[in-house]
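Structural overview for review
Okay, here's what each chain looks like letter by letter:
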Amino acid sequence: MCLAVPARVESLNTAASTAMIDLDGIRKEVSTQLLDEVAVGDYVLVHVGFALERIDAVEAAKTLALFAELRAQDAEG
């Protein structure tokens, strides 16, 4: 099973086909070579260093909220 996580695009390097993304405060450079179009502010699904597809901000927020809920439950023990 694979897991792709939503992340917000913070900046782009079009010459290198990469983007700096933010995932809950973690910044990481990922490849955008698999996307036809991406812009700063977009949400993308990221898996093993690649942005796989653009997703709606509302759907990204729902998924990130579920991740936060799981972390909270895990912390409760």
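**Brief notes about the pairing of strand E5 (residues 50-55)**
By the bridge criterion, five bridges tie strand E4 (residues 43-47) to E5 in an arrangement that is antiparallel. Pairing of Leu 45 across the sheet is with Glu 53, part of E5.

**Regarding the pattern of salt bridges**
Oppositely charged side chains are able to pair whenever their charged atoms sit close together. All told, the structure shown has four salt bridges when counted by the stated rule. Ionic pairing is found between Glu 10 and Arg 8, a salt bridge with its closest N-O pair at 3.0 Å. When its relative accessible area of 30% is taken as the criterion, Arg 8 is described as partly exposed. Two residues, Arg 71 and Asp 24, come together in a salt bridge whose shortest N-O distance is 3.2 Å. With a gap of 47 residues between them, Arg 71 in helix H1 (residues 57-76) and Asp 24 in the loop between strand E2 (18-23) and strand E3 (26-31) connect regions that are remote in the sequence.

**Describing the side chain of Ser 31**
For Ser 31, the location among the structural elements is in strand E3. Since its relative accessible area comes to 12%, Ser 31 is described here as buried.

**Focus on the pairing of E2**
Pairing of strand E1 (residues 5-13) with E2, which is carried by five bridges, proceeds in the antiparallel orientation. The residue of E2 that forms the bridge with Leu 12 is Ala 19. Here E1 folds back onto E2, and the loop between the two strands holds four residues, one of which, Ser 17, carries a positive phi near 55°. As judged from the six bridges shared by E2 and E3, these two strands associate in the antiparallel manner. Bridging across to E3, Met 20 finds its partner in Glu 29. Between E2 and E3, which pair antiparallel in sequence order, lie two residues; one of them, Asp 24, sits at a positive phi of approximately 55°.

Definitions and cut-offs
- Residues numbered from 1 in each chain as written.
- Predicted model: local features only at pLDDT ≥ 70, side-chain atom pairs only at ≥ 80, totals over all residues.
- Heavy atoms only, no water.
- Pairing = 2+ DSSP bridges.
- Helix = DSSP H or I, 4+ residues; strand = E, 2+ residues; numbered from the N terminus.
- Salt bridge = Lys/Arg side-chain N within 4 Å of Asp/Glu carboxyl O.
- Buried < 20%, exposed > 50% of the residue type's maximum accessible area, 1.4 Å probe, protein only.

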